[in-house]
Amino acid sequence: VKKAKSVVIVGGGAVGVQMATDMKELYPEKEITVVQSRDQLMPQFHRGLHEIVKKRFEELGIKLVSLLPLIYQIIPANLLQPGHRRPHRRPRIRLP
């Protein structure tokens, strides 16, 4: 980490958010990016917390990348509908 110019953290849950903010405070010169698969950070918590964390990311200069638009392009729309039963095995998603 000390030698890296940039760091990517995969996951915007509590641990990913904590790692990103701690790392940016310890290494303010590094480019920190958090990649999140959902539409909000720390999705298990109240939606308002997402806005607070997002604002803090902006203050610290932490980049946030959401994979949700990519997921909507890859997974057929009928699988994203509420009430749809998932197949027993997760489909493999291959990125180009």
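Residues numbered from 1 in each chain as written. Predicted model: local features only at pLDDT ≥ 70, side-chain atom pairs only at ≥ 80, totals over all residues. Heavy atoms only, no water.

## What to know about the overall build of the protein chain
Next, step 1: Secondary structure summary: the protein chain contains 3 helices and 3 strands in total.
Next, step 2: Counting helices and strands in the order they occur from the N terminus, the protein chain gives β-α-β-α-β-α.
Next, step 3: For the protein chain, contacts bridging at least 24 residues in sequence account for 64% of all contacts bridging at least 6.
Next, step 4: Surface exposure of the protein chain reaches about 7600 Å², of which carbon and sulfur atoms provide 56%. (Helix = DSSP H or I, 4+ residues; strand = E, 2+ residues; numbered from the N terminus. Contact = heavy atoms within 4.5 Å. Areas by Shrake-Rupley, 256 points an atom, 1.4 Å probe, with all protein chains shown as cover.)

## Remarks on unusual backbone geometry
Next, step 1: A positive phi is found at methionine 42, a non-glycine position, where the angle reads about 45 degrees.
Next, step 2: Note that methionine 42 resides in the loop between β2 (31-36) and α2 (47-60).

## Structural notes on the environment of valine 35
Next, step 1: Note on placement: valine 35 falls in strand β2.
Next, step 2: Distance in space between the C-alpha atoms of valine 35 and valine 65 is 4.8 Å, their sequence separation being 30 residues.
Next, step 3: Residues in contact with valine 35, not counting those within four places in the same chain, are Val8, Ile9, Val10, Gly11, Gly12, Val65 and Leu67.

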